[in-house]
Amino acid sequence: MVAPHVSSPDSDPPVLAAAKADLRRRLMAGRAPPAAAHAREALCRRMLGCVRDAVPAGAAVAAVWPLPGEIDLRALCAHLHDDGYRVLLPETPPRGQALRFRLWRPGARMVPGRFGTAHPDGPAGRPDFVFVPLLAFDRRGFRLGYGGGYYDRTLAGLAPVPAMGYGLAAQEVPEVPTGRHDIPLPVVVTERETIRCGA
Ligand SMILES: Nc1nc2c(c(=O)[nH]1)N(C=O)[C@@H](CNc1ccc(C(=O)N[C@@H](CCC(=O)O)C(=O)O)cc1)CN2
Ligand SMILES: Nc1ncnc2c1ncn2[C@@H]1O[C@H](COP(=O)(O)OP(=O)(O)OP(=O)(O)O)[C@@H](O)[C@H]1O
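Residues numbered from 1 in each chain as written. Chains lettered and ligands numbered in written order. Predicted model: local features only at pLDDT ≥ 70, side-chain atom pairs only at ≥ 80, totals over all residues.

All right, on to the site of ligand 2 then. Taken together, 19 residues sit near ligand 2, with Gly145, Gly148, Gly149, Asp152 and His181 positioned nearest. Residue contributions to the shell around ligand 2 peak at 5 residues, all from helix 4 (residues 150–158). (Near = placed C-beta within 6 Å. Helix = DSSP H or I, 4+ residues; strand = E, 2+ residues; numbered from the N terminus.)

Glancing now at the sheet that holds strand 1 (residues 60–62). Taken in spatial order, the 7 strands make up an open sheet running 3-2-1-6-9-10-11, and their pairing is mixed. Looking along the sheet, the strands with just one partner apiece sit at the ends: strand 3 (100–104) and strand 11 (194–196). Averaged over all pairs of adjacent strands, the angle between their axes in this sheet comes to 30 degrees, without regard to strand direction. (Pairing = 2+ DSSP bridges. Axes fitted to C-alpha atoms, helices over the stretch in contact; angles between N-to-C directions.)

On to the environment of Val132. Along the chain, the position of Val132 falls in strand 6 (residues 129–132). Since 24 C-beta atoms lie within 10 Å of it, Val132 is described here as buried. Along the backbone, Val132 and Arg74 are 58 residues apart, and their C-alpha atoms lie at a distance of 15 Å. (Buried ≥ 20, exposed ≤ 12 C-beta atoms within 10 Å, placed from the backbone.)

In this section: the pairing of strand 2 (residues 86–91). Burial analysis of strand 2 places 5 of its 6 residues in the buried class, the great majority of the element. Note that strand 1 and strand 2 share 3 bridges and pair parallel. Within the sheet, the bridge partner assigned to Val61 lies in strand 2 and is Val87. Taken together, strand 1, helix 3 (residues 74–82) and strand 2 constitute a β-α-β crossover, and its handedness is right-handed. Bridge analysis of strand 2 against strand 3 gives 5 bridges, and the strand direction is antiparallel. (Right-handed = clockwise from strand over helix to strand, strands pointing away.)

All right, on to the nonpolar core then. Ranked by internal contacts, the top residues of the largest apolar core, which has 40 residues, are Met47, Val61, Ala62, Ala63, Val87, Phe131 and Val132. When neighbours within four sequence positions are excluded, Met47 is seen to be in contact with Leu76, Phe131, Tyr166 and Val189. (Core = buried A, V, L, I, M, F, W, Y, C linked by C-beta atoms within 7 Å. Contact = placed C-beta atoms within 7 Å.)

The positions that UniProt labels "binding site: substrate" (unreviewed entry) are, in the present scheme, Glu70. Mapping Glu70 onto the fold places it in the loop between strand 1 and helix 3. Residue class for Glu70 comes out partly exposed when judged on the 17 C-beta atoms lying within 10 Å of it. (UniProt positions renumbered as here; feature names shortened; annotations may be inferred.)

Direction vectors running N to C along helix 2 (residues 37–54) and helix 3 enclose 35 degrees, while the axes themselves pass 10 Å from each other. The two elements helix 2 and helix 3 cross, and the hand of that crossing is right-handed. Residues Cys44, Met47, Leu48 and Val51 of helix 2 lie in contact with helix 3, whose contacting residues are Ala75, Leu76, His79 and Leu80. A per-class count over the contact of helix 2 with helix 3 returns 7 nonpolar, 1 polar and no charged. (Left-handed = near helix turned anticlockwise from the far one by under 90°. Nonpolar A, V, L, I, M, F, W, Y, C, P; charged D, E, K, R; others polar.)

In this structure, Arg196 sits in strand 11. Placed 10 residues apart in sequence, Arg196 and Pro186 show a C-alpha to C-alpha distance of 6.1 Å.

In structure tokens form, the structure reads like this:
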């Protein structure tokens, strides 16, 4: 089930919501087969380097547990843990609320959540650094997600926390449709490059 659209005065205007939904549909329909192992490994190496450059060991780093068709960050989570970082994963609340993050450790029990997500049963924590999943991104740092508005709400509530989008180079589009709640990411990392957006 795709996140249900409940309109509120805060929602995107209908024309924008339709443009995002249309792009989302096209991207999901045309989604490439799961990333080749070497592309995912190159991306995760870059992501690990970005964390090491940004925050010291002991910091809490938010990643995600993969949904079908997404880049799998589980090996990265294990590397971060081995490096001494605390790894947090999101718990998906009802639509309209910010994500909550819970501590993950290798072997943690994963609890099924909304929209097919899963979260660890560890204690809640506040991230010092956030990796942001995306369906598509552009060079300005705007992203399109699954349409829950979760990351915009979450980052607005956590600011200023270092946040970095991640995805494959193939997920780049010329221009993501945006509204007043969309916050551009300062950095998007792909298997090929670390894009300083707006630079
Ligand atoms: N791995 C992962 N975890 C995440 C996110 C994400 O993008 N990726 N989120 C980012 O905000 C939040 C969950 N948000 C979501 C909102 C809606 C749907 C959804 O409607 N999914 C459709 C499947 C879409 C498809 O066809 O692939 C479904 O469940 O049917 C999924 C996640 C928190 N956790
Ligand atoms: N901070 C916010 N406050 C109020 N409404 C918001 C906020 N952020 C996003 N929204 C609204 O939530 C709805 C979904 O947003 P959008 O389509 O941009 O989701 P998304 O970024 O693709 O999803 P996700 O972050 O869950 O991956 C839109 O109507 C948007 O206006």
